[in-house]
Amino acid sequence: MILNTDTHESVNATDVLARQRHAFLNEDVPTLKQRKARLAKLRAAVGAYREELEEAVSQDFGHRSRHETGILELMVIIQSINYLSRNLRRFMKPERRHVSLFYRAGSAHVEFQPLGVVGIMAPWNYPVSLTLIPLATALAAGNRAMLKPSELTPETSEVIRRMMVETFTAEEVSVVLGGPEVGAAFSRLPLDHLFFTGSTQVGRKVMNAASENLVPVTLELGGKSPVIIGRGHVNSRNMDNIVFGKLSNGGQTCVAPDYALVHEDDLESFVTEYSTSVSRFYPQGPTSQDYTSIVNDQHYQRLTGLIKEAREQGAKVIETGFEPETAVSRQRTLAPTLIVGASDDSAIMEEEIFGPVLPIRTYRHLDEVIQYVNDRPRPLALYYFGERDGDCDRVLQRTTSGNVGINNTIMHVAQEDLPFGGVGQSGMGTYHGIEGFRTMSHAKGVFSQGHWNLPSLVRAPFGRFAEFALA
Ligand code: NAD
């Protein structure tokens, strides 16, 4: 394993973990000021490396505009760091808890203690933010961190490594580079917490490996996030919101709408309005500056395979917005595609799509929609477009998903004060907001006994006291 150290030598991850843990145990718990200073260093590094990061991500993807990386990754990181810094004093404050009369004049409180060394494993789709936001959270909570970015974005991972070497000591933050084998070894380390973002399949393996050492895990996973459009709510504003969430980053977003549930009377207008929004957002079709390529050939072929299978099974495949003759003019650019009439057991309706392809399933009654969602694994996000009325409440109450967006898509991720995470097969545990700080902290309950209180009477022999207490 190649790790950053102050001397840049290759070292074993186990040794780095030992060094970080030794430093954690032998230094004082970082103060508010020290934590804020670390966050400030991280923010400055993101600023200093901005161009390199934007360039590296674009190289890794084949094409991703620097503006898209700037807005969807770097801006979100800076906002997250600022939010943590501004609220850290409040987060760190011990919480007083209730003490019943019987235990007075004792006092009880909860202290939020750093866990120690947190491992952070990241995926390729937002390779900067999904590494650095968990890192900011870990540092805010006073931890050391070992990062394992994705091997599928090697240029970006290398820039992150250099950034960390320049910004932090190896005892504070280290970077481990490598593929699935390194990931497997990383997830076996006896860390104090393992924070994993990636696929459900790998998440299962990671949790299995972590359980050997009883390392607690947070799993930020994927799945199929539905977008439900209430009857009569296909309009240009709603379609803009859906196209934004679906096609940002070429559809390679964990919380992108995976499939649409549209009332059968609205199907035609959905297709028309969706295509209009696509043309407005990407006027130069596949050569539009902000249209991101599919990350590699394997994923490109996987996506074209899903479309091909759906077509062969009789579904209608509609390429939207882009003129066919320009459809292959940039490396691994896949035209935004709608699929109508795919069968429920086709791969496109069963697997997470993770690309600019949106299958549409029509419904007659909202109850069908609720049942369809509930018959499947619990999604990471669920979107509802319509009035804030009884139908909306019914969907909210009767379905379970990591998060919900009403009349928007993916924007819940940017709400710093909301917990973000999955449920069931889309993940466990949350971050962002105070929940992120608490995920990376140990909530230690402390009871302190006063001089005079009843428990001091509770001593063997218990007989007389038991008669009194249970009377
Ligand atoms: P992935 O699971 O293939 O890889 C994630 C990380 O795990 C990488 O660092 C990789 O090197 C490592 N890894 C791969 N195989 C491993 C193994 N056998 N053992 C241990 N580690 C291993 O995920 P990906 O393809 O990089 O990312 C896409 C997936 O991530 C999608 O499913 C997407 O929905 C999900 N995702 C979730 C969120 C979220 O916040 N919930 C965010 C982004 C992506």
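Residues numbered from 1 in each chain as written. Predicted model: local features only at pLDDT ≥ 70, side-chain atom pairs only at ≥ 80, totals over all residues.

Per an unreviewed UniProt entry, the protein chain goes by the name Aldehyde dehydrogenase and belongs to Vreelandella populi. In its Sequence similarities (unreviewed entry) section, the UniProt entry covering the protein chain states "Belongs to the aldehyde dehydrogenase family." (UniProt positions renumbered as here; feature names shortened; annotations may be inferred.)

1. Notes on the site of the ligand
Around the ligand, 29 residues are found, and the nearest of them are Pro123, Gly183, Gly198, Val202 and Gly222. Those elements that place two or more of their residues in the shell around the ligand are α7 (180-187) and α8 (200-211). A total of four residues in the shell around the ligand trace back to one element, the largest contributor, which is α7. Broken down by class, the residue content of the shell around the ligand amounts to 13 nonpolar, eleven polar and five charged. Counting residues domain by domain, the shell around the ligand receives three or more from each of domain 1 (13-222 + 432-443) and domain 2 (226-400). (Near = placed C-beta within 6 Å. Helix = DSSP H or I, 4+ residues; strand = E, 2+ residues; numbered from the N terminus. Nonpolar A, V, L, I, M, F, W, Y, C, P; charged D, E, K, R; others polar. Domains from an automatic or database assignment.)

2. What about the pairing of strand β14 (residues 381-385)?
Across the five residues that make up β14, a large majority, five, are buried. Taking every second residue as pointing to the same face, both faces of β14 are buried, with Ala381, Tyr383 and Phe385 on one and Leu382 and Tyr384 on the other. Pairing of strand β9 (residues 226-229) with β14 involves three bridges; the strand directions are parallel. The residue bridging valine 227 from the neighbouring strand is tyrosine 383, located in β14. (Buried ≥ 20, exposed ≤ 12 C-beta atoms within 10 Å, placed from the backbone. Pairing = 2+ DSSP bridges.)

3. Some thoughts on the domain arrangement of the protein chain
Domains assigned within the protein chain are domain 1 (13-222 + 432-443) and domain 2 (226-400). On a C-alpha basis, the centroid separation for the pair domain 1 and domain 2 is 32 Å. Broken down by element, the residue count for the side of domain 1 that touches domain 2 peaks at three residues, all from helix α4 (residues 66-92). Residue composition of the side of domain 1 that touches domain 2, by class: four nonpolar, six polar and two charged.

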